[in-house]
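Observations on the model geometry
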Amino acid sequence: MSIIGVRDVSLSYFTPKQETEALRGVNMEIEPGEFISIVGPSGCGKSTLLSLISGMLKPTSGRVLIDGRETDGVSPKVGYMLQRDHLFEWRDVLSNLLVGAEIRHMDRERAARRARELLERYGLSGFAGHNPDQLSGGMRQRVALIRTLVTDPDILLLDEPFSALDYQSRLTLAEDVFRIIKDQGKTAVLVTHDISEAISMADRVLVMSKRPSSIIAAYPIRFEEGEGLSPWKKREAGKYNEYFNSIWKDLDGHAIVSR
Amino acid sequence: MGMPSSQDKRPDPSPGYSRYLKSQKRAWWGILLSRLLILAAFLGLWELAARLKWVDPLLTSQPSKLVTTFRELGFEGSLFMHTRVTATETVIGIVVSMVLGTLIAVLFWWSTYASKVLEPYMVVLNALPKVALGPIFYILLGDEYSVYGMAVAISLIVTIMMVENGFKELARTKLQLMESFGATRLQMLRMVMLPASVPNLIATLKVNVGLTLVGVIMGEFLSSKAGLGYLIIYGGQVFQMNMVMVSICMLALMSVVLYGIVNVIGSYMLKKGFHGRT
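Computed from a predicted model, the values in this text were never measured in an experiment. The residue numbering used here restarts from 1 in each chain and proceeds along that chain's sequence as written. Lettering of chains starts at A and numbering of ligands starts at 1, both following the order in which they are written. Given that the model is predicted, a residue must reach a pLDDT of at least 70 before its local features are reported, and side-chain atom pairs must reach 80 or more before they are shown or counted; all residues, however, enter totals for whole chains, interfaces and linings. Where side-chain values are given, they derive from all heavy atoms of the structure, hydrogens and water being excluded.

For the rest of this paragraph, the subject is the pattern of salt bridges. Note on definitions: salt bridges are taken to be side-chain nitrogens of Lys or Arg within 4 Å of carboxyl oxygens of Asp or Glu. Enumeration according to the criterion identifies 21 salt bridges over all chains in this entry. Residue A:R121 pairs with A:D183 through a salt bridge whose shortest N-O separation is 2.8 Å. Here A:R121 is found in helix α4 (residues 108–121), whereas its partner A:D183 is found in helix α6 (residues 167–184), with 62 residues between them in sequence. Take A:D183: its relative accessible area is 37%, and that puts it in the partly exposed class. A salt bridge links B:D143 to B:K225; its shortest N-O distance comes to 3.3 Å. Pair noted here: B:D143 is in helix α6 (residues 134–172) and B:K225 is in the loop between α9 (198–222) and α10 (228–237), with a separation of 82 residues, a long-range link. Linked through salt bridges whose partners overlap, the residues forming this network are A:R91, A:E102, A:R108 and B:R190. The helix count covers DSSP runs of H or I at least four residues long, the strand count covers runs of E at least two residues long, and both are numbered beginning at the N terminus. Each residue is placed in one exposure class: buried if its accessible area under a 1.4 Å probe, protein chains only, is under 20% of its type's maximum, exposed if it is over 50%, and partly exposed if it falls in between.

Turning to the packing of aromatic side chains, a few remarks are in order. Residues and elements named next belong to chain B. The aromatic pairing rule takes the rings of Phe, Tyr and Trp, using the six-membered ring of Trp, and pairs them if the centres are within 6.5 Å, calling planes under 30 degrees apart stacked, those over 60 edge-to-face and the rest tilted. Counted by the stated rule, this structure contains 12 aromatic pairs over all chains. Taking the centre distance of 5.8 Å and the plane angle of 50° together, the rings of F42 and W46 count as tilted. Here the residue F42 and the residue W46 both occupy positions in helix α1 (residues 15–51), the gap between them amounting to four residues, near one helical turn. Taking relative accessible area as the criterion, W46 reaches 17% and is therefore assigned buried.

All names here are of chain A. That bond from R211 to P212 is cis: its omega, -15°, falls within 30 degrees of zero. For P212, the position within the fold is in the loop between β9 (204–208) and β10 (215–220). The phi dihedral of H86 is positive, around 50°, even though this residue is not glycine. Residue placement: H86 occurs in the loop between β6 (78–81) and α2 (93–97). Despite not being glycine, D152 has its phi angle at roughly 55°, a positive value. Secondary-structure assignment places D152 in the loop between α5 (137–150) and β7 (155–159).

A separate point is a nonpolar patch on the surface. Residues B:I136, B:Y138, B:I139, B:L140, B:L141 and B:Y145 make up a contiguous nonpolar surface patch of roughly 680 Å² in combined accessible area. Along the chain, B:Y138 turns up in helix α6. Surface patches are defined over residues having more than 30% relative accessible area and no salt bridge, joining like charges when they lie within 9 Å and nonpolar side chains (Val, Leu, Ile, Met, Phe, Trp, Tyr) when within 5 Å. The accessible surface values rely on the Shrake-Rupley method and a 1.4 Å probe; as for residues, cover is taken only from the protein chains in view.

One frequent convention defines the size of an interface as the accessible area lost when the parts assemble. Opposite the 26 residues of chain B that make contact, chain A presents 33 residues. By definition, the buried area sums, over both parts, the 1.4 Å-probe accessible area that each loses when the two are put together. In total, chain B and chain A occlude about 2,700 Å² of area from one another, counting both sides; carbon and sulfur atoms represent 62% of this. When the area that chain B buries against chain A is broken down by residue, the three leading residues are B:K174, B:F181 and B:M191, summing to 26%. For the interface between chain B and chain A, the tally reads two salt bridges. We call two N or O atoms a polar contact when they sit within 3.5 Å, provided that within protein one can donate a hydrogen and the other can accept it, with sequence-adjacent residues counted only if both atoms are side-chain atoms. Counting the contacts that link chain B with chain A gives four residue pairs in polar contact (both at pLDDT 80 or more). Among the secondary structure elements, those contributing two or more residues to the side of chain B that touches chain A are α7 (175–180), α8 (185–196) and α11 (241–274) of chain B. Note on contacts: a residue pair qualifies if any of its non-hydrogen atoms lie within 4.5 Å across the two residues.

As structure tokens, this is what we get:
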């Protein structure tokens, strides 16, 4: 059974001045443990789709299913990683990691233990007592990811989590995040406008059209070099360019707006 | 955004750096000296003008008389009692308007409905010169409490607006994260709005010191029977320029002290709130 089901979902935003149709007839099924990338032009409603899956938004029509059940408010099975890390500068790293656990009234001791384990495992041990402003941008995003993992969600939604970083940190962090998510066995949905990022991270790439958006193409990413390649290896793999060009063409017909 | 630094080992300063430090120190002393010089020149000129009858000392008073008056009022009279009254009124006024203002700002954030409904009233109250309300406070609250009425009236609206603006800024950024974890409004308030507002609250507090003092002195002018404002008005009425001047000096001193205290509290809260655990 698919862990995320989006069935014929449409969503419109209403303001006193106008009505904006963001999504129209979106369908997708995501299997447990899958890593999905969604690419599309800026402002096409990619983030809206994530908000729908997380339960923060309700669809105007259609159904969003998590584990076969319709969403009703924010689901504890879903973790969200945002474009900006939103670390609280009045809390140290460990205390920042416990924000989600605190909101959900989880056992503090256990959450703290898990947070420390994750810090240790992903190369941030020794930083528990630091303030966020003492960390580099890439480290801050890794802390933000761990903050999400502390609440132990089954699904991770990544909303352009690397776009605020410089190119080099981006590549490194993509590598790290990929490894962490696979290591934890989570299902992940990554939203990005960066085609190479989408291909190198995902098992499957979905392409969205511009507004009102729907999914216009899907690419299962398979390389002859083998299964489970790291993002870096995938960028060097034989069929990488082929995928890139196909997706580029899909998007081209829908005028990518540069951001 | 540097990497975390442990204690840097500091080598001996180079000769160039020592020279730089020395010149910095010299510049600092120069500034201090110039400041004192201005004060001395002002007082000296004032004294001289009064002694040589360039101006009428009855109208302008003179520094040497101020010292005598200060001694008389301070040790035989009631200068310190009046100062204490004004200081107490100011502190209470600040506390009341900070607490009340923050509560109302929270209410406005909590309920968009309340915020929208009350918005025009806020605009009118903000624009209205609060001094005009003096007689109303006097009649409703009596001579003692009307001072508080005036103090709070002057600082409350500004407090609400400053705190509310800070909230709006936060709502656009950090709350997104809270929402993604499914936080309730109360959790957002406790975990983000209030701690993140600390710098803004401190800035508001500093503005409030000045505003509340205006309110307190204004209130005392209008109605009270004690306090530095009362002393200044009384001195003017009985044509005692010495008394007026001494009271003003005392007031200046008091406001500096209050401001200093607020600064200390502010930096303590910043340090505690932003560089330790909450």
